[in-house]
Every structure is written in C-alpha cells, then in structure tokens.
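# A look at the structure
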Amino acid sequence: MNNNITFGSHEAICLLITMISTKAILNFPSTMAKIGGPAAWFVAIYVSVLAIIAFYIISKLYSKFEGKDIIDIGEILGGKTLKILLGILIIIFLTALLSFYLRNFSEEMKTMGFAMSPIGFIMLFFVLGMVISAYHGIEPLIRFQSILVPITVISFTLFVIALIPSMSIDSIMPILGTGPYNIFVKGALRISDFAEIIFLFLLPPFIKKRDVFNKVGFTGLTICSMVLVSLTFSFVSVYPYPVSTDDLLPAYELARIIKFGRFFERAESILVITWATIGFMYLSTVFYFLLHVFGKTFDLYYYKPLILPFALVVMSISLIPPRLMNSILLEAETFRNLAWLIAFVLPVLLLIIARAAVSRKKRKTSP
Amino acid sequence: MGSKAKKPFIVIVAFVMCLSMTGCFDKREVDDLVNPIAIGFDKGEGNSIRMTLQIAIPTKVAGGGDGGGGGGGGESVSFTTVEAPSIYSGLNMINTYVSKQLNMSQIKVVVFSEELAREGIEKYINALIRGREFRPNSYMLVARGTGNVAERYLRAVEPELESNPAKYYEMVLSAYRYTGFSANTSIINFYKNMVSESTQPLAVLADISQFENSDDINTDNSTYREKGRDYPLEGDFKAGDMPKVGTIKSEIMGLAVFNGSKMVGEFDGEETQLQLMLEGNFGYSFVTIPDPLSADNVVPLNIRQNRNPKRKVEIIDGKPNIKVKVFLEADILSIQSGINYESIDKVTILETSAEKFFEKGLMRMLKKTAQELRSDTAGFGKEMKGKFFTWDEWTDFKWIEKYPDSKFEVEVDFKIRRPGLMLRTNPATGTEEGEQ
C-alpha cells in the first residue's frame, strides 16, 4: 500500500467531521431521546465530553508513536501475528459499520423520496459511488470532503437557525429527563457513537506529525460535538418527549416543518440532496479505509483488485437484516453497545502495552 | 484497468448513475398527478369512514380569473366522496376512477366531522403523521354539526377572491394573526399535544352559514347570554352562527377543544382570542369593549400582544394554583359615546375597564377549561413540568388529572398607546335630540 500521500489538518478534520457527525442526520437524536428523554441534549453533551477525555488519554499515549497507525503499533508490539489479528478486528468493525450505514442510508433515502425503487437499486447508487471513489484513491476523496464539509457545516448552521421559531424550551423539561442513571450510566455506553474516531488512529501515516494528530482530534471532536448536540437539542425542543422517540428520520422531520410565509417550505427536498452527498462521503471513506486496512494487514501492494469483491460482500451483508427495523436495532443496540471496545478500549490497551514494551526495549539497549 | 476498457467503463457507470439519480422507478409526470387540497372525514357505516377529497383542477387554477373562468371555487375544484375502512384504502379506491394518480403533498386542510372528533381521532392522526405525502403543517379543522358535515363544509368552500383554492385555505387559516378567531392548529401540533402529558390539542371550528338572506339573520346561537352580556360582541359566535349572509358560505371561527384525541367542547371567537393571549400567540385584532361610562356604547380598539404572558403554577394543598399576567397594548379605533378617552385623565378609566373586561373573560374561559372541559388547552402543565427533575416524577404527578382542580389568578396589564389620527373627540352640533 502506498502511504506517500500526506494531507494537512484541515483535510483530516473534515474527514473526522464527516465520519462522526453523519449520524446527526440519521438516528442519533432519537437514540439520545430514548436514553435521556427530554434531557437527550444533555446525554449528547455528556457523551461528547467522554469522547474528548478518551481522546486526550489516547493522544498522550500516542506521543511515542508519531506517524504510526494502530496496525503499525500492533506490529511493533506483537509482530505479524498481532498485526493480522488487529487488522482482522478492524476489518470486521469497518465491514459491519459500512453494511449498517449502507442499508440505513439506502432505506431512509427510499423512505424519503424513492418509495417505489427497489432497495437494491438505491443501494447500487451508493455502492457505485463507493467503488468509483475507491478507484480514485484517498486524495480526491479527502479533497472533495475538504471543500464540501465546510459548506455542509454552514448549511447545517442555517438549518438549525431556521428551526429556532419552532423550538420550545419547555420541551426539554424535566431537566434530568429519564433520570441520572439513564443519562450517566446507560448514556456512557453511547460513547460508541464516537467510534468513528478509529479513523483518526488509522490516519497517522497520512498526517505524519503528532501535533497535527492532536489538533485534528481535538478540533474535529469539538466540531462534531457541537453538531451532534445542537441537532439533538433542536430535535427534542421541537418534538417533545415522547414524540422525539418515534421519529425514524429526525433531520427529515425537522426539515419538513421549516416554513417561512407561503413562499419557503418543503426544505426537506434540499435535505435529500445533502443527505445523498453526506452518504457518499461517509460510505466512500469507510470503504476506502476498509480496503486500506485489508491491504495493510496482509501486506498487499495493490488494493484495487479488492474493490469489486469487497463492494459485493458489503452489499450482500447489508441486505441480510430482513427489515429496516432489524438493521436499525442491530446498529443502535448491538453494534453501538460494543463499538466502544474496538474504538476506545483496544487502542488504549494497545498503546499502554506498546509504550511499556518500547520503554523496556530502550532500557535494555541503553548502556 | 487498461485505457481501452476505461472509457466504456466510465460511460456505463455514468449511464447507471444517471438512471439512479433520476429515480426512474419513482418517476411521476406532473401531468399524471392530481393534487387534492383538502380532505374531509365523516363517520361512515360501522367502522368505516366517509372521505371527501377536494381536488384542484390545474387548468382552471392556472387560468386565474380570465373571462370569469377562474375565481369561482366551484370551477377550479372537483369533489369526490368515498366510504372506506381506512384513509389509504379510500385513496386506493379513488385512484380507480380518477384518471390521474392522487398526490397528497398539496393537502392544506384536514377536516374531521364533530361526530368523529367526539369519538376520537387518534388512529387517523397517526396515519396522517406516518404518511410521507401528508404535510405536517396542514391545518386541522373540525366541522360542526351531525351527519356528513366535513363533506358539506368542503363543498361549501367557494373562494371568490382567490382563483387558487389552496391559497384561499392558506390565507383564511393564517388570518388568526390579525383576527384571533382561529389558531395555528397544524397536524403536527395536534399530534404533539395529543400525546403530551402537559397540554391538550385544539382544532379550528368550521361550519357553513345558517342564514340564506339578510332577513333571516339573528343572534340566537350567540354565546353572549352565557357571558351575562346584553348584546353580542364580535367574538361571541362560533363557526356557522355568525350573523352574516353572502356568497361565501363557509365560516371558520372558534376552536374545538380536545382531551387526548377526543373532542370535549368548543371555544367561541372571544375564547379563542383569550386562548391565544394565554399562549402568547395573539398577534393583533380589532376588539370591542363596552364603554365604561356609557352603557349603550362600545369602544373598538386595535389590540396587540407585544410581550409573552407571565405564567406561574404552584401546588397549594395538593391543588394547582395558576397565576397569569397578560400584557396588552391598544390603539383607539373609535369612541361611539364621544367621551374624551384620549385625555390623560380619562384614558386610565378606559384602561382599567379594559383590564377588568379581559380579566373577567380570561377567568371565565380558564374555569371553563378546568371545570367543564377538563382540558389544559393553554398548556400550564409545561410550567409545572419544569418543577420536576425526572420524567417519571412528572408522569407520576398526573397533571392532566389534577388540572380540573386548579385555582386561577388572572391579571391583565392594559395600556392604550395611541389615539389613532384624532387627539380628541368633538361632539356633533345640532338642534335634534342627542346633539348639542
């Protein structure tokens, strides 16, 4: 695999925003509402703070491994065996993530605007995008995101502003929602909603420098937190609990109520385009990194021959859940309840052991 | 990929992308669609509903008022009524005999008959919320009376000033901003309030005029006697009872009050204005108050609500104690008695009288919601909800059950700001009785 490509902090931040904030337009706000009730926004803040603290710890542990991703660190620690084991774990994680999101994006796109189209046909639309971007490699993908993400964030800000007249502070009461246990204990598991931070641990070979890594992490996570918290707040203040728990597409439902006079309404039609664009960026990035990790794990020089078989595998897996509700439940309840182990616990453990091993080796070699 | 294979590959990919992006499975020619603008539900036989669609005829709507072709609602719309077990099965049935496919995304108004509303409309609201084509901002109406009143109302809607009936509905139903006689009762607001633990839903009352010509006009159905007045004011009517005749038969005035999904009562025009004041949604309106110094005369004022009301809810001896302070401003429109209320020393008499007038009205209306309707239409539960820390504590409190025992304290702060274009009223001079 060719790791000669380097990109700066802006590009990497945009990538991180795409990966983590995408769920703001999917089911993140309603998931938060299911946990925290009227205090869903508070759960979103709590989870964001936990993710930033976790990243702070990881960034400290990462200090000795500048330019190395977690697969490299695995190799340093346990040679080829650990590298392959670690690689397989990440491949499973990325395949599951990609399959769930491919299905959910496609199904929700069908619900919003393509009611008569077969799900496979809509899915093909996203898969083609993934395949084409994978053929072109990471550079155009990153460049595309570095242009579109700032535009998307500005559009998102306007979207939230347009919702202000429909918001009601009463809707976020009682202030502790479904209770401290749900917020602080059950909510803690939702740190998994930041599991896409794993892409940051795959980026060091592309961003090289440690200070860039830290800057990308903290800035990216802060922006993502702002996006997720503001949309969750908007959602629960517009749709009071328990209505907030029954919406399949929170962002779509919010867009449907935007209305200025008789001349501006049906903002959801703009959202459908934004939705598809974000979907392309998200799915293409996960797909590229899936191929990248596979290639790196098994020391493959070319990844392009893997594109079509992998696209087929991912598409087939994503069609396994018999209905959309199964897919959402699997992603929100099962996958997200375990994703924190791969995204946070695994890197922390790996880095602690690797640091100890490196220190011991240094001590042995020093006179 | 070799350079020879690359070009055909790109062409194929572009072709497939184009097909996907145009959504060929979902293509629907605009010309092949028909857009109902209003839907009405009446009670059918057994568990069925009788559904009426008011369908816009695009050619007539686009024709505007040319040669008298447009303008008449009867010409720019068509009607159909079907009896079906559910909304969607009814739509399916209509699709069999209407040449174009129904597209519900232009529905502006959903009308339920009073009979259906009193039985409960939860299942219909859920269906409307779940359906992607129905707009959450469509207005909810309840047609008064018995029988097929929703159908009767829709068929009576004949907009004269608008060639586009959809625009007519939008204009008429947003007129509450300058009349205060209806409210923004969108489907989504109705649904949110229907499932809420802290407030109850409302819908606009609709009916058709009961008078055919001017000689028939009477105020027998006015609510002014219940309020202890000697004569009716403009807000003392509900839809269908307004003392008016004309080519426009349809009327909207007042609100249908619900408890959960079941209609339990009605507000007249004045109570609707007071409801808007309690919510802080009263824009401005011409309101007539009795002249404090001349019993036979009235003083019309242009009233505005420029500040949200102050609302406080406390539990005293296990019962809710609700305090409301409403802030109103007004400009004088007319002084029938000719008394100089514009002067600094007399303006306070008018202000105090207006304060008492509104306080009395608000107290009467609030007691009606608690004791008669048992429905917290103003949403005082929202204030109460903020006093709890968790959702379980709040739901265990059972606000909706406690609201009927509420005690109310109402205060109105009323300020007359401007006298219109006249700074004082000069009496007419003459030798006839009553003139100076």
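Everything numeric in this text was worked out from a predicted model, so none of it was measured.

### Thoughts on the overall build of chain A
- Broken down by element type, chain A carries 13 helices and 0 strands.
- Here the C-alpha radius of gyration of chain A, 21 Å, is about what a compact globule of 367 residues would show, namely 21 Å.
- Projected onto its principal axes, the C-alpha coordinates of chain A cover approximately 75 × 45 × 35 Å.
- Within chain A, buried positions represent 52% of all 367 residues.

### Thoughts on the pairing of strand β6 (residues 109–113) of chain B
All names here are of chain B.
- The element β6 is extensively covered by neighbouring structure, given that 5 of its 5 residues are classed as buried.
- Residue alternation in β6 divides its side chains into two sets, Val109, Val111 and Ser113 and Val110 and Phe112, and both sets are buried.
- Where strand β2 (residues 36–43) meets β6, 4 bridges bridge the pair, whose relative direction is parallel. Following the sheet pairing, Ile39 is matched in β6 by Val110.
- Sheet analysis places β6 next to strand β7 (residues 139–143), joined by 5 bridges and oriented parallel. The partner of Ser113 across the bridge, within β7, is Ala143.

### Description of the UniProt feature "domain: Spore germination GerAC-like C-terminal" (unreviewed entry) in chain B
- With numbering aligned to this structure, UniProt lists the feature "domain: Spore germination GerAC-like C-terminal" (unreviewed entry) at residues 253–420 of chain B.
- Split by type, residues 253–420 of chain B is 34% helix and 36% strand. Its first and last C-alpha atoms lie 28 Å apart.

### Things to note about the sheet that holds strand β9 (residues 250–259) of chain B
Residues and elements named next belong to chain B.
- With respect to topology, 8 strands assemble into an open sheet ordered β4-β3-β2-β6-β7-β8-β9-β10, the strand pairing being mixed. The open sheet has two edge strands, β4 (77–84) and β10 (262–267), and neither has a second partner. On average, each strand axis in the sheet is inclined to that of its neighbour by 30°, with strand direction left out of account.
- Bridging between β7 and strand β8 (residues 202–208) involves 3 bridges; their strand directions are parallel. Its bridge partner lying in β8, Ala143 is registered against Ala206.
- Against the sheet, helix α7 (residues 149–156) makes contact with β2, β3 (49–56), β4, β6, β7, β8 and β9, and its axis sits at roughly 150° relative to β2, the strand it touches most.

### Structural notes on unusual backbone geometry
- With an omega dihedral of -5°, the bond running from A:Met173 to A:Pro174 counts as a cis peptide bond.
- Note that A:Pro174 resides in the loop between α6 (138–163) and α7 (180–186).
- Residue B:Arg374 is not a glycine yet carries a positive backbone phi of 55°.
- When you line up the elements, B:Arg374 lands in the loop between α12 (344–373) and α13 (381–385).
- Among the residues examined, B:Arg374 registers 17 C-beta atoms within 10 Å and is labelled partly exposed.
- Although it is not a glycine, B:Lys398 sits at a positive phi angle of roughly 55°.
- In this fold, B:Lys398 is placed in the loop between α14 (391–397) and α15 (399–402).
- Given 10 C-beta atoms within a 10 Å radius, B:Lys398 is considered exposed.

### A look at helix α6 (residues 122–130) of chain B
Residues and elements named next belong to chain B.
- Within α6, burial applies to Tyr124, Ile125 and Leu128. The buried residues of α6 all sit within an arc of 100° when viewed along its axis, so they share a single face.
- The inward-facing, buried residues of α6 abut β2, α4 (87–97), β6 and α10 (187–194).

### Let's talk about the pairing of β9(B)
Residue and element names in this part refer to chain B.
- Counting buried residues along β9, 9 of its 10 residues qualify, which places the element largely inside the surrounding structure.
- Bridge count for β8 against β9 is 6 bridges, and the pairing is antiparallel. When the bridges of β9 are listed, Val204 appears paired with Leu255.
- Inspection of the sheet shows β9 paired to β10 by 5 bridges, in the antiparallel sense. Following the sheet pairing, Leu255 is matched in β10 by Phe267.
- Connecting β9 to the next strand, β10, in antiparallel fashion are 2 residues, including Gly260 with a positive phi near 70°.

### Structural notes on the interface of chain B and chain A
- Across the contact, 25 residues belong to chain B and 30 residues belong to chain A.
- Split into classes, the residues belonging to the side of chain B that touches chain A amount to 11 nonpolar, 6 polar and 8 charged.

### Describing the packing of helix α5 (residues 119–136) of chain A against helix α12 (residues 307–318) of chain A
All names here are of chain A.
- For the pair α5 and α12, interaxial distance at closest approach is 10 Å and the crossing angle is 150°. The angle between α5 and α12 falls in the class roughly antiparallel. For the crossing formed where α5 meets α12, the hand is right-handed. Across the interface between the two elements, Met123, Val127, Met130, Val131, Ala134 and Tyr135 from α5 touch Ile307, Leu308, Ala311, Met315 and Ser318 from α12.
- Of the residues belonging to the contact of α5 with α12, the class tally is 10 nonpolar, 1 polar and no charged.

### Focus on the packing of helix α2 (residues 28–36) of chain A against helix α9 (residues 210–238) of chain A
All names here are of chain A.
- Running from N to C, α2 and α9 cross one another at 65°; their axes reach a closest spacing of 9 Å. The orientation of α2 with respect to α9, classified from their angle, is roughly perpendicular. Note that α2 runs across α9; the crossing there is right-handed. Facing α2, whose interface residues are Phe28, Pro29, Met32 and Ala33, α9 presents Leu228, Leu231, Thr232, Phe235 and Val236.
- Of the residues in the contact of α2 with α9, the class split is 8 nonpolar, 1 polar and no charged.

### Quick notes on the nonpolar core
- Within the largest apolar cluster, 228 residues are counted, with the highest numbers of intra-cluster contacts made by A:Leu16, A:Leu283, B:Val111, B:Leu141 and B:Val204.
- Take this core: its biggest share by element is 16 residues, from helix α4 (residues 70–113) of chain A.
- Among the domains, domain 1 (33–267) and domain 2 (281–436) of chain B are the pair contributing at least three residues each to this core.
- Those residues in contact with B:Val111, other than ones at most four positions away along the chain, are B:Ala38, B:Gly40, B:Phe41, B:Leu141, B:Ala143, B:Ala150, B:Tyr153, B:Leu154 and B:Ala206.

### Points about the domain arrangement of chain B
Residues and elements named next belong to chain B.
- Parsing chain B into structural domains produces domain 1 (33–267) and domain 2 (281–436).
- The C-alpha centroid of domain 2 is placed 29 Å from the C-alpha centroid of domain 1.
- With 18 residues of domain 1 at the interface, the matching set in domain 2 holds 22 residues.
- Among the secondary structure elements, those contributing two or more residues to the side of domain 1 that touches domain 2 are α9 (176–179), β9 and β10.
- Split by residue class, the side of domain 1 that touches domain 2 holds 7 nonpolar, 7 polar and 4 charged.

Basis of the calculations
The numbers attached to residues start from 1 for each chain and follow its sequence in the written order. Both sets of labels track the order of writing: A upward for chains, 1 upward for ligands. At least 70 in pLDDT is required for a residue's local features to be given in this predicted model, at least 80 for side-chain atom pairs to be given and counted, and no such filter applies to totals for whole chains, interfaces and linings, which use all residues. Comment: elements are numbered from the N terminus, with helices defined as DSSP H or I runs of at least four residues and strands as E runs of at least two. Each radius of gyration reported is based on C-alpha atoms, and the globular scaling rule is 2.2 Å times the count of residues to the power 0.38. Residue burial is a threshold on neighbouring C-beta atoms within 10 Å of the residue's own C-beta, all placed from the backbone, with 20 or more meaning buried, 12 or fewer meaning exposed, and counts in between meaning partly exposed. Pairing between two strands is assigned when DSSP locates at least 2 bridges connecting them. UniProt positions are given in the numbering used here, feature names are shortened, and annotations may be inferred rather than shown by experiment. Lines are fitted to the C-alpha atoms to define the axes, a helix being fitted only along its stretch in contact, and any angle between axes, read from their N-to-C directions, falls within 0 to 180 degrees. Contacts are defined on C-beta atoms placed from the backbone: any two residues whose C-beta positions lie within 7 Å are in contact. Here the arc refers to the set of directions running from the helix axis out to each C-beta atom. Residues are grouped as follows: Ala, Val, Leu, Ile, Met, Phe, Trp, Tyr, Cys and Pro are nonpolar; Asp, Glu, Lys and Arg are charged; all remaining types, including Gly, are polar. Each angle receives one of four descriptions, namely roughly parallel if under 35 degrees, roughly antiparallel if over 145, roughly perpendicular if within 65 to 115, and oblique otherwise. What makes a crossing left-handed is the near helix being turned counterclockwise from the far one by less than a right angle; a clockwise turn instead makes it right-handed. Note on terminology: a nonpolar core is a set of buried residues of type Ala, Val, Leu, Ile, Met, Phe, Trp, Tyr or Cys, with members joined through C-beta atoms within 7 Å. For the domain bounds, the source is a domain assignment made automatically or taken from a database.

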